[in-house]
Amino acid sequence: MFFVAPSLLAADMSRLPQEVKSLCDAGADFLHIDVMDGQFVPNPTDFTPDCVAEIKKHATVPLDVHLMVQDPMPLIDDYVQAGADNITIHVESQGDIYKTLEHIHHNKCHAGLSLKPNTATEKILPYLSLLNRVLVMTVEPGKGGQSFMPNQITKIKQLKELKTAGRGFQIEVDGGINLETAVLARVAGADILVSGTYVLSAPDRARAMRLLRGDL
Ligand code: DX5
Ligand code: ZN
C-alpha cells in the first residue's frame, strides 16, 4: 500500500485554507509541510508554528512536518502544539539527534529522520529504534520543482533491507516525484511519496494522487 503526501510548498499561500481543503478532499494521506530556516537551506519558508496551527484547523489528514533547520530541538514543542502528527528532522542538523528524536516521541508525536542526497544510509543506524519514518531526499533540499536524482534509488533499496529492524519505519521519498519517478521509488521500496509540483499543478489532484499510488 502506498501513501501520497502533497507538499504545501507548492500551494497558493494566499488561499491556504482552500488549498488544504482541496488536497484533503482529493484524497491526500498526509499533508507535507516544509519548514526552512534560511540557514540549513538558503530560502526560508513561512510555515511558522502559527501557520501550521491554521493549517491544522482545516486539515482532515495528519500533518507531516519536515524540518530543514540548523537546530531542530528548540522548535519541537511549538510544532507539536501547532498540531504536527509526524516531525522529521535532518541527520545533518546540529544538536543531539538522539535526544531530539526522543523528545518528539515524549510529545506523543511520530518521528522521522531525513537524509540529504550525499548522506550515507548508514547514518541512520544509531537511531533505528526511534524512527517511524526515514525521509530520502531525492533532490537537494531547499526548493520545489527540481529533478529527481536517480542515484538515490540505491539508498531506498538499502533502507528497505533495514526496515524490519527498529520500529519497522516507513520509507518516504521527497523531491521530483512525478508519474515516472513515482514508479521508480515504489519499486525500490518507498511507502510514502511526497509531491509538490506534480500534484499541486495537476488539473485533477485526486486523479494525480491515484496515479502516483499506482491505483490507475
Ligand atoms: C524540497 C522539499 C520538498 C518539495 C518537493 O526541499 O523538501 O518537499 O516540496 O517539491 P517537488 O515535488 O516539486 O519536488
Ligand atoms: Zn519536504
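Structure first, text after, so check above.
Not measured: the values here are computed from a predicted model.

(A) Expanded view of the overall build of the chain. Within the chain, the secondary structure is distributed over eight helices and eight strands. By the compact-globule yardstick of 17 Å for 216 residues, the chain fits well, its C-alpha radius of gyration being 16 Å. C-alpha extents for the chain along the principal axes are approximately 45 × 35 × 30 Å. Looking at the chain as a whole, 53% of its 216 residues qualify as buried. The contacts in the chain between residues at least 6 apart in sequence include a share of 63% that link residues at least 24 apart. For the chain, the computed accessible surface area is about 9400 Å², with 51% contributed by carbon and sulfur atoms.

(B) Molecular detail of the site of ligand 1. Contacts to ligand 1 come from 20 residues, most closely from Ser7, Gly142, Asp174, Gly196 and Thr197. Within the contact set of ligand 1, an oxygen atom lies 3.4 Å away from a side-chain nitrogen or oxygen of His32. Taking Asp34, its side chain carries an N or O atom lying 2.8 Å from an oxygen atom of ligand 1. Its free accessible area being 380 Å², ligand 1 has 99% of it covered by the protein chains.

(C) Structural detail: the sheet that holds strand S8 (residues 192-195). Read across the open sheet, the eight strands follow the order S1-S8-S7-S6-S5-S4-S3-S2; overall the sheet is parallel. Each edge of the open sheet carries a strand with a single partner, namely strand S1 (3-6) and strand S2 (31-36). Each strand of the sheet is rotated relative to its neighbour by a mean of 25 degrees, with strand direction disregarded. In this structure, S1 lies alongside S8, joined through four bridges in parallel fashion.

Criteria and thresholds
Residues numbered from 1 in each chain as written. Chains lettered and ligands numbered in written order. Predicted model: local features only at pLDDT ≥ 70, side-chain atom pairs only at ≥ 80, totals over all residues. Heavy atoms only, no water. Helix = DSSP H or I, 4+ residues; strand = E, 2+ residues; numbered from the N terminus. Rg over C-alpha atoms; globule rule 2.2 N^0.38 Å. Buried < 20%, exposed > 50% of the residue type's maximum accessible area, 1.4 Å probe, protein only. Contact = heavy atoms within 4.5 Å. Areas by Shrake-Rupley, 256 points an atom, 1.4 Å probe, with all protein chains shown as cover. Near = heavy atom within 4 Å. Polar contact = N/O pair within 3.5 Å; in protein donor to acceptor, adjacent residues only side chain to side chain. Pairing = 2+ DSSP bridges. Axes fitted to C-alpha atoms, helices over the stretch in contact; angles between N-to-C directions.

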